[in-house]
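A structural walkthrough
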Amino acid sequence: MRLDARAFGIAAGLTAGLLFVICAIAVTIAPGSTTSVASALTHMDLSGMTRSITWVSFIGGLLGWTLGTGLTFALAGWLYNRFTRQTHTA
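Residues numbered from 1 in each chain as written. Predicted model: local features only at pLDDT ≥ 70, side-chain atom pairs only at ≥ 80, totals over all residues. Heavy atoms only, no water.

1. Focus on a nonpolar patch on the surface
- Together, W55, I59, L63, L67 and L71 make up a nonpolar patch on the protein surface, roughly 610 Å² of accessible area in all.
- Following the sequence through the fold, I59 ends up in helix 3 (residues 55-89). (Patch = residues over 30% accessible without salt bridge, like charges linked within 9 Å, V, L, I, M, F, W, Y side chains within 5 Å. Areas by Shrake-Rupley, 256 points an atom, 1.4 Å probe, with all protein chains shown as cover. Salt bridge = Lys/Arg side-chain N within 4 Å of Asp/Glu carboxyl O. Helix = DSSP H or I, 4+ residues; strand = E, 2+ residues; numbered from the N terminus.)

2. Brief notes about unusual backbone geometry
- Although it is not a glycine, H43 sits at a positive phi angle of roughly 60°.
- In this structure, H43 sits in the loop between helix 2 (31-42) and helix 3.

3. A look at the packing of aromatic side chains
- In this structure the tally under the stated criterion is three aromatic pairs.
- Arranged with centres 6.0 Å apart and planes meeting at 90°, the rings of W55 and F58 form a pair that is edge-to-face. In this pair, W55 and F58 both sit in helix 3, three residues apart, roughly one turn of the helix.
- According to the relative accessible area criterion, W55 is exposed, its value standing at 69%.
- Three or more aromatic residues joined by ring pairs form one cluster here, namely F20, W55 and F58. (Phe/Tyr/Trp six-rings, centres within 6.5 Å; stacked < 30°, edge-to-face > 60°. Buried < 20%, exposed > 50% of the residue type's maximum accessible area, 1.4 Å probe, protein only.)

4. Overview of the environment of G32
- Note that G32 resides in helix 2.
- Overall, G32 belongs to the partly exposed group, its relative accessible area being 44%.
- In this structure, the C-alpha to C-alpha distance between G32 and R51, residues 19 residues apart in sequence, is 9.7 Å.

5. Observations concerning the side chain of T84
- Here T84 is to be found in helix 3.
- Taking the relative accessible area as the measure of exposure, T84 reaches 19% and is therefore buried.
- Engagement of the side chain of T84 in a polar contact is seen with the backbone oxygen of N81, the distance being 3.2 Å. (Polar contact = N/O pair within 3.5 Å; in protein donor to acceptor, adjacent residues only side chain to side chain.)

Dropping the structure here:
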């Protein structure tokens, strides 16, 4: 079975972008609670960290996470197709 690496990358990138937006909204609305949840997830005390979200940092982070995740998953899909093709021809 072949995987459409481009579609997989786009889907992953859009998903990462959506999660980034949800996270930014959570940090804006409830920074203390968001920090508590992040602390629990990472097993670290993050209470001393500053959380300043500006439009520039929001757009930069959104682009970085969306493009980075999309490219990473597109590469993973391409590698998957290469590895499965080699398995079937051997």
